[in-house]
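Residue strings, one per chain:
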Amino acid sequence: MKQSKTTELLVGMFVAAGLAALFVLAMQVSNLSTLSQGNSYQLKARFDNIGGLKVRSPVTAGGVRVGRVAGIEYDDQRYQAVVTLLVEDKYDHFPDDTSASIFTAGLLGEQYISLDPGGSEEYLQDGSEIEITQSALVLEKLVSKFLFSKTSEGK
Amino acid sequence: MIAWIRRLGRTGIDFFEKLGRGSLFLAATLVGLPEVLRRPRLLVAQMLSVGVLSLLLIAISGLFVGMVLGLQGYNTLVDFDAEESLGVVVALSIVRELGPVVTALLFAGRAGSALTAEIGLMKATEQLSGMEMMAVDPVHRVIAPRFLAGFLSMPLLAAVFGAVGIYGGYFVGVGLLGVDEGSYWAQMQAKVDLYEDVMNGVIKSLVFGFVVTWIAVFEGYDTVPTSEGVSRATTRTVVHSAFAVLALDFVLTALMFGKD
């Protein structure tokens with residue numbers, strides 16, 4: 001069975017085009033380019049309420065993404081949520097009195113953890129825990145607080 | 001009444017017989033696959049007719065689907081002042097759902113029906129029996145390379161569909177409607193996950209490629225060897241493939257994205 005070179009060429013181009021398209025999907029469309037290339041270290045933080053925080057949510061410092069949320073668990077001894085953060089190795093100068101807060105990006109946006117560095121000379125190590133945390137704002141709690149303060153004013 | 005019940009039973013038995021024949025046929029085809037790898041020329045020839053000749057159709061369809069998504073998504077999102085999310089909407093719809101599904105449906109119509117007709121005609125003109133007379137197993141020689149070609153082509157075609165579609169959405173959204181170019185790509189890259197979204201789309205298209213090609217070659221091989229039989233088999237290929245793809249898509253989506 002003799003096969004012309006054209007057939008082989010066309011099939012080769014087809015396979016190349018398909019693989020190139022997969023490459024575009026991986027590099028241009030998905031988050032591969034923003035995934036951390038290097039290693040990262042773990043931090044833990046306890047929150048009373050994490051709101052809508054999810055695994056893979058971003059961790060930022062000064063608005064710059066420095067890591068992501070690796071795991072969320074509930075500690076039923078202390079009735080708190082334990083969030084594991086993965087922070088990239090190149091950002092290893094967070095003082096140990098750094099505070100972690102859960103904020104919302106935009107009105108309906110997703111929630112993220114913001115790290116605010118403190119002034120301590122000691123730095124956070126792999127596995128250390130962030131002591132100062134601020135929980136997510138839950139809209140219903142906010143509204144009920146507002147209503148209570150209004151009714152108590154009215155008295 | 002008795003005749004009616006008899007017919008009902010006949011239909012049921014026919015169905016299970018066909019399912020059994022199809023499964024045995026699939027097993028025989030899979031056994032024949034190593035032989036294809038020893039004769040890559042057979043595979044290359046089939047990749048040409050199954051993959052390359054479907055490429056233009058898939059690419060153009062992808063372009064238009066992406067452009068429509070760009071327009072529709074923009075019109076909805078602009079009410080919420082969220083047109084920057086257009087990239088996410090277009091990319092997720094195409095990568096997760098439309099890419100694999102529309103490609104599989106087009107593939108069934110373009111390549112699947114051609115496979116059925118070709119194999120069916122080979123059977124009607126007794127080429128397959130001729131091969132058996134020469135001690136060449138037609139399942140290994142004819143069916144297996146076509147099956148492998150379809151199975152390999154589908155994810156490549158779906159990837160082309162996806163990439164072209166996302167650029168189609170880009171042309172309409174950024175080029176015509178004035179969505180900011182940076183946020184189109186940046187939001188897309190922030191929200192589309194390589195494993196959750198892109199890889200699951202590839203897995204879907206692999207499954208669809210497997211099922212559509214299986215249906216196509218089996219209907220061809222199982223055809224009643226007359227011109228009417230071939231015509232019916234071709235129709236059945238397209239109909240059954242479409243059903244199988246849509247039903248499997250639901251199952252796969254529930255498995256992949258249903259957990260959270």
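Note that the structure is predicted; figures quoted are calculated from it, not measured.

K.L.:
Explain the overall build of chain B to me, please; I cannot follow it from the model alone.
P.N.:
Per the secondary structure count, chain B includes eight helices and zero strands. Beginning at the N terminus, the succession of helices and strands in chain B can be written as α-α-α-α-α-α-α-α. Principal axes of the C-alpha set define a box for chain B whose edges measure 65 × 55 × 35 Å. The buried share of chain B, reckoned over its 260 residues, is 47%. A fraction of 85% describes how many contacts in chain B between residues 6 or more apart in sequence connect residues 24 or more apart. Total accessible area on chain B stands at roughly 12400 Å², and carbon and sulfur atoms take up 69% of it. Of the charged side chains in chain B, 18 are positive and 22 negative; the average position of the first set lies 14 Å away from that of the second.

K.L.:
It is not clear to me how the interface of chain A and chain B should be interpreted in this structure. Could you clarify?
P.N.:
A common measure of how large an interface is: the accessible area buried when the components associate. Taken together, the contact between chain A and chain B spans 27 residues of the former and 29 residues of the latter. In this assembly, chain A packs against chain B so that about 2400 Å² is buried in total across both faces, 75% of it on carbon and sulfur atoms. By the criterion of area lost to chain B, the three top residues of chain A are Phe 14, Gln 28 and Val 29 of chain A, representing 28% of everything that side buries. For the interface between chain A and chain B, the tally reads one salt bridge. Of the charged contacts in the structure, one is a salt bridge between Glu 8 of chain A and Arg 41 of chain B, with a shortest N-O distance of 3.8 Å. Put simply, chain A and chain B have zero residue pairs in polar contact (both at pLDDT 80 or more) between them. Taken together, the residues of the side of chain A that touches chain B sort by class into 15 nonpolar, eight polar and four charged.

K.L.:
Where do I start with the sheet that holds strand β1 (residues 40-47) of chain A in this structure?
P.N.:
Two pairing modes exist for strands in a sheet, parallel and antiparallel, and in both the strands are linked by backbone hydrogen bonds. Pairing is mixed across the open sheet formed by eight strands, whose spatial order is β7-β1-β4-β3-β2-β6-β5-β8 (chain A). Two strands close off the open sheet at either side, each with one partner strand: β7 (129-130) and β8 (132-134) of chain A.

K.L.:
So what exactly am I meant to see when it comes to the environment of Gly 20 of chain B here?
P.N.:
Residues and elements named next belong to chain B. Assignment of secondary structure puts Gly 20 in helix α1 (residues 2-38). Overall, the relative accessible area of 29% leaves Gly 20 in the partly exposed class. A sequence separation of 167 residues divides Gly 20 from Gln 187, and the C-alpha atoms of the two residues are 49 Å apart.

K.L.:
What am I meant to see in the packing of aromatic side chains here?
P.N.:
Two measures describe an aromatic ring pair: the distance that separates the ring centres and the angle between the ring planes. Residues and elements named next belong to chain B. Tallied over the entire structure, the rule returns 12 aromatic pairs over all chains. The interplanar angle of 75 degrees and the centroid separation of 5.3 Å between the aromatic rings of Phe 15 and Phe 16 together place this pair among those described as edge-to-face. Taken together, a centroid distance of 5.3 Å and an interplanar angle of 35 degrees make the contact between Tyr 170 and Trp 185 tilted. A residue pair is termed long-range when its members are at least 10 positions apart, and Tyr 170 in helix α5 (residues 138-176) and Trp 185 in helix α6 (residues 181-191) qualify at 15 residues. The exposure class of Tyr 170 is buried, given its relative accessible area of 16%. Three or more aromatic residues joined by ring pairs make a cluster, and in this case those are Tyr 167, Tyr 170, Phe 171, Tyr 184 and Trp 185.

K.L.:
What exactly am I supposed to notice about the side chain of Lys 204 of chain B here?
P.N.:
Residue and element names in this part refer to chain B. The residue Lys 204 is located in helix α7 (residues 194-221) in this model. Overall, the relative accessible area of 0% leaves Lys 204 in the buried class. Within the structure, the side chain of Lys 204 is placed 3.1 Å from the backbone oxygen of Arg 96, a separation counted as a polar contact. Apart from the residues within four sequence positions on either side, Lys 204 is in contact with Arg 96, Glu 97, Pro 100, Asp 249, Leu 252, Thr 253, Met 256 and Phe 257.

K.L.:
Mind showing me how you'd approach the packing of helix α3 (residues 86-124) of chain B against helix α8 (residues 227-257) of chain B here?
P.N.:
Axis angle and axis distance: for two packed helices, these are the angle between their axes and the distance between the axes, and together they describe the pair. Residues and elements named next belong to chain B. Where α3 contacts α8, the two axes come as close as 9 Å, and the packing angle between them is 155 degrees. When the axis of α3 is compared with that of α8, the two are roughly antiparallel. Judged by the sense of rotation from one axis to the other, the crossing of α3 with α8 is right-handed. In terms of residue class, the contact of α3 with α8 is made up of 13 nonpolar, nine polar and three charged.

K.L.:
What exactly am I supposed to notice about the pattern of salt bridges here?
P.N.:
If charged atoms from side chains of opposite charge come close, those side chains can pair. Scanning the entire structure with this criterion turns up 15 salt bridges over all chains. Note that Glu 129 of chain A and Arg 46 of chain A form a salt bridge whose closest N and O atoms lie 3.1 Å from each other. Taken as a pair, Glu 129 of chain A in strand β7 and Arg 46 of chain A in strand β1 lie far apart in primary sequence, 83 residues in all. As a salt-bridge pair, Asp 249 of chain B and Lys 204 of chain B come within 3.0 Å of each other at their nearest N and O atoms. In this pair, Asp 249 of chain B is assigned in helix α8 and Lys 204 of chain B in helix α7, connecting sequence segments 45 residues apart. Lys 204 of chain B carries the same exposure label as Asp 249 of chain B, and that label is buried. The network of salt bridges with shared partners includes Arg 46, Asp 75 and Glu 129 of chain A.

What counts and what doesn't
- Residues numbered from 1 in each chain as written.
- Chains lettered and ligands numbered in written order.
- Predicted model: local features only at pLDDT ≥ 70, side-chain atom pairs only at ≥ 80, totals over all residues.
- Heavy atoms only, no water.
- Helix = DSSP H or I, 4+ residues; strand = E, 2+ residues; numbered from the N terminus.
- Buried < 20%, exposed > 50% of the residue type's maximum accessible area, 1.4 Å probe, protein only.
- Contact = heavy atoms within 4.5 Å.
- Areas by Shrake-Rupley, 256 points an atom, 1.4 Å probe, with all protein chains shown as cover.
- Lys, Arg positive; Asp, Glu negative; His and termini not counted.
- Charge placed at Lys NZ, Arg CZ, Asp CG, Glu CD.
- Buried area = accessible area lost by both parts, 1.4 Å probe.
- Salt bridge = Lys/Arg side-chain N within 4 Å of Asp/Glu carboxyl O.
- Polar contact = N/O pair within 3.5 Å; in protein donor to acceptor, adjacent residues only side chain to side chain.
- Nonpolar A, V, L, I, M, F, W, Y, C, P; charged D, E, K, R; others polar.
- Pairing = 2+ DSSP bridges.
- Phe/Tyr/Trp six-rings, centres within 6.5 Å; stacked < 30°, edge-to-face > 60°.
- Axes fitted to C-alpha atoms, helices over the stretch in contact; angles between N-to-C directions.
- Parallel < 35°, antiparallel > 145°, perpendicular 65-115°, else oblique.
- Left-handed = near helix turned anticlockwise from the far one by under 90°.

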